[in-house]
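Residue-level structure breakdown
Residue-level listing of the chains:
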Amino acid sequence: QLQASGGGLVQAGGSLNLSCAASGNIFSINLMGWHRQGPANQHELVAGITSGGTTNYADAVKGRFTISRDNAKNTVYLQMNSLKPEDTAVYYCAYDLRRYTYTPIQRYWGQGTLVTVSS
């Protein structure tokens, strides 16, 4: 189970920090990421981070958002600065993880947290 938190209402130019923690038995986590779904139902990958710490970002958020992970806590963070109204969306975390040594890697999704940026 993934539990996301940190969303809310913020004015343009403001900041928010999202977090997502995984619970249950986890053998390994390969990829952690944040996706978002906007008012027009457009879905996009916002940022991802591998187990080795390699990151990638959507062009729309480069230079403003920073993804990081705490492997000891099975938690991923998304620091969002200089927020814009077009960043308004429901943000979902997703993990590609293996529960046990004998199970395949599967993608798990968090429940989503709403970020609203007012102009």
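Now for a quick tour of the structure. Within every chain, residues take consecutive numbers counted from 1 along the sequence as written. For this predicted model, a pLDDT threshold of at least 70 governs which residues receive local features, and a threshold of 80 or more governs which side-chain atom pairs are given and counted, while totals over whole chains, interfaces and linings are taken from all residues. Only hydrogens and water are removed before side-chain values are computed, so all heavy atoms of the structure are retained for them.

In this section: the overall build of the chain. When helices and strands are counted, the chain shows 0 helices and 11 strands. For the chain, the succession of helices and strands along the chain, N to C, is β-β-β-β-β-β-β-β-β-β-β. Two things to know: the radius of gyration comes from C-alpha atoms, and the globule rule equals 2.2 Å times the number of residues to the power 0.38. Rg of the C-alpha trace for the chain: 14 Å, near the compact-globule value of 14 Å for 119 residues, within the 12% margin. Taken over the C-alpha atoms alone, the chain extends approximately 50 × 25 × 20 Å along its principal axes. Put simply, the chain has 119 residues, and 40% of those count as buried. Any two residues whose heavy atoms approach within 4.5 Å at even a single point are treated as in contact. Taking as baseline every contact in the chain between residues at least 6 positions apart, the subset at least 24 positions apart corresponds to 55%. The helix and strand labels rest on DSSP assignments: H or I over at least four residues marks a helix, E over at least two residues marks a strand, and numbering proceeds from the N terminus. Type-normalised accessible area, obtained with a 1.4 Å probe on protein chains alone, sets the label of each residue: buried when under 20%, exposed when over 50%, and partly exposed for intermediate values.

With that out of the way, let us pick up the state of the cysteines. Here, the word disulfide means a covalent bond between the sulfur atoms of two cysteines. The rule for a disulfide is simple: a pair of cysteine sulfur atoms within 2.5 Å. This model, assessed by the stated rule, comprises 1 disulfide. Residue pairing for Cys 20: its cysteine sulfur links by disulfide to Cys 93, the two sulfurs lying 2.0 Å apart. Negative torsions about the S-S bond denote left-handed disulfides, and the value of about 55° found for Cys 20 with Cys 93 makes this one right-handed. Of the two residues, Cys 20 sits in strand S3 (residues 16-22) while Cys 93 sits in strand S9 (residues 89-98), which places them 73 residues apart along the sequence.

Bringing the pattern of salt bridges into the picture now. When the charged atoms of two side chains with opposite charge come close together, those side chains can pair. The working definition used for a salt bridge is a side-chain nitrogen of Lys or Arg within 4 Å of a carboxyl oxygen of Asp or Glu. Inspection of the entire model under this criterion finds 5 salt bridges. Residues Asp 87 and Arg 36 are paired through a salt bridge, measuring 3.0 Å at the closest nitrogen-oxygen approach. Of this pair, Asp 87 sits in the loop between strand S8 (75-80) and S9 while Arg 36 sits in strand S4 (residues 28-37), placing them 51 residues apart in sequence. Grouping residues by exposure puts Asp 87 and Arg 36 together as buried. Salt-bridge contacts for Lys 62 lead to Asp 59; the nearest nitrogen and oxygen are separated by 3.1 Å. Side by side, Lys 62 and Asp 59 carry an identical accessibility label, which is exposed. Taken together, the shared-partner salt bridges connect Arg 36, Glu 44, Arg 64 and Asp 87 into one network.

The next subject is the side chain of Thr 88. By secondary structure assignment, the location of Thr 88 is in the loop between S8 and S9. At 2.9 Å, the side chain of Thr 88 forms a polar contact with the backbone oxygen of Pro 85. Any pair of nitrogen or oxygen atoms within 3.5 Å is treated as a polar contact; in protein, a donor-acceptor pairing is required on top of that, and neighbouring residues in sequence qualify only through side-chain atoms on both sides. Reaching out from Thr 88, the side chain makes a polar contact with the backbone nitrogen of Val 117 at a distance of 2.9 Å. What Thr 88 contacts, discounting residues up to four positions off in sequence, is Gly 38, Pro 39, Val 115, Thr 116 and Val 117.

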